[in-house]
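Residues per chain, in single letters:
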Amino acid sequence: MAWELTGSLAFGRDVREPRFFEWDGALFLFCCTLGTNWRRFEPDRVHVLSWDGTKWTDPVPVSTPGAMAWRVRVVDGVPIMSVYRGGSSIYSRAPEPTRVELWTCDDAWSWRPLDPDHPTFHTGGTETEIMRGLSGLVSVTRMEGPITFGSDISVAPDLHAPIERHRIIPNKLDSPLMFQVGQQLYLIARRSLEFDGRFDLGIHGIAPEVTTRIYHRTYWATPKRTSLWKLDEDLLQVKLVEDLPGLGDTCFPALVQESDCTFMLYNYTSPLGGIDLPWLAGQHGPTQIYELQLKFDIADGDEPRS
């Protein structure tokens, strides 16, 4: 497959989380700006630009400072953006609980809280993936402290209803991407190879901010994988299906659905076949992007063939 450069973005600061979004016959690209010091996590604004058929428009900010967007998708016919705030304190010596909000819009340029009277969808989480399942609106939220660590899997009846059921698991499912094959929900997310994949190591009796620092430093120093998980909506649990290509600094997946059972996966990784580096070490080296076709055989229990 031949790729052609159609544009580039430069804000003079850190820029992350690019997301394509198709809405009402138009193609949009979202991204987030941060600070100018790579050692600090300083969320700035969410930006959007659109493809006019020949080139990309100039980016336009669609949020106030301090916002990070994770997923933009259509849920139940409604455009939804999951956004989290409070991220600037996550890696500080005095972390505070974050909050996740769900936003919607009419034209992909003007975003507002889905429920203005209750803008907070989740307290304490960051990256949040959300989509319609058999049991309702299913979400997976990454939890990094200082109160709760791991991931929160939850179900709400619909977009405008509060969460009814949830379960916190000790595994931190970084960069979650949810998709559906038949009636089964799957998740692609980063997996830690140490401590049976747990982020929450069960440390008690010390200050929450100290626990948070220990968990983060331990996580940064261990190797990772990009992994495929099956999500159980009844038990609110995930089951590891298999590891996909990816090591060192890895896991920011994107999917293109080719048929009911076939998907093209795009992901980044430290050089495949290289040294199995800890996650932090991988961040200081080169990365590459690969594509991989995932095929699911529903007749054989939804297990994939990649």
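Refer to the structure printed above.
Criteria and cut-off values
Residues numbered from 1 in each chain as written. Predicted model: local features only at pLDDT ≥ 70, side-chain atom pairs only at ≥ 80, totals over all residues. Heavy atoms only, no water. Pairing = 2+ DSSP bridges. Helix = DSSP H or I, 4+ residues; strand = E, 2+ residues; numbered from the N terminus. Axes fitted to C-alpha atoms, helices over the stretch in contact; angles between N-to-C directions. Disulfide = S-S within 2.5 Å. Buried < 20%, exposed > 50% of the residue type's maximum accessible area, 1.4 Å probe, protein only.

A. Representation of the sheet that holds strand S16 (residues 224-232) within the structure. As summarised here, the arrangement of the 4 strands in space is S14-S15-S16-S17, forming an open sheet in which the pairing is antiparallel. The open sheet has two edge strands, strand S14 (174-181) and strand S17 (237-244), and neither has a second partner. The sheet shows a mean angle of 30° between the axes of neighbouring strands, direction not considered. Pairing analysis gives 8 bridges linking strand S15 (residues 184-192) to S16, with the strands arranged antiparallel. Residue Leu-185 lies in a different strand from S16, and its bridge partner there is Leu-231.

B. Geometry of the sheet that holds strand S3 (residues 46-50). With respect to topology, 4 strands assemble into an open sheet ordered S1-S2-S3-S4, the strand pairing being antiparallel. Lying at the two open borders of the sheet, with one neighbouring strand each, are strand S1 (15-23) and strand S4 (60-61). The sheet contact formed by strand S2 (residues 26-33) and S3 spans 5 bridges and is antiparallel. Note that in S3 the partner of Leu-29 across the bridge is Leu-49.

C. Highlighting the state of the cysteines. What the rule picks out here adds up to 0 disulfides. Take Cys-32: it sits in no disulfide, and the sulfur closest to it among the cysteines is that of Cys-31, at 6.8 Å. A residue is classified by how much of its surface remains accessible, and Cys-32, at 1% relative accessible area, is buried. Of all cysteine sulfurs in the structure, the one in Cys-32 sits closest to Cys-251, which takes part in no disulfide; the separation is 17 Å. Under the relative-accessibility criterion, Cys-251 is labelled buried at 1%.

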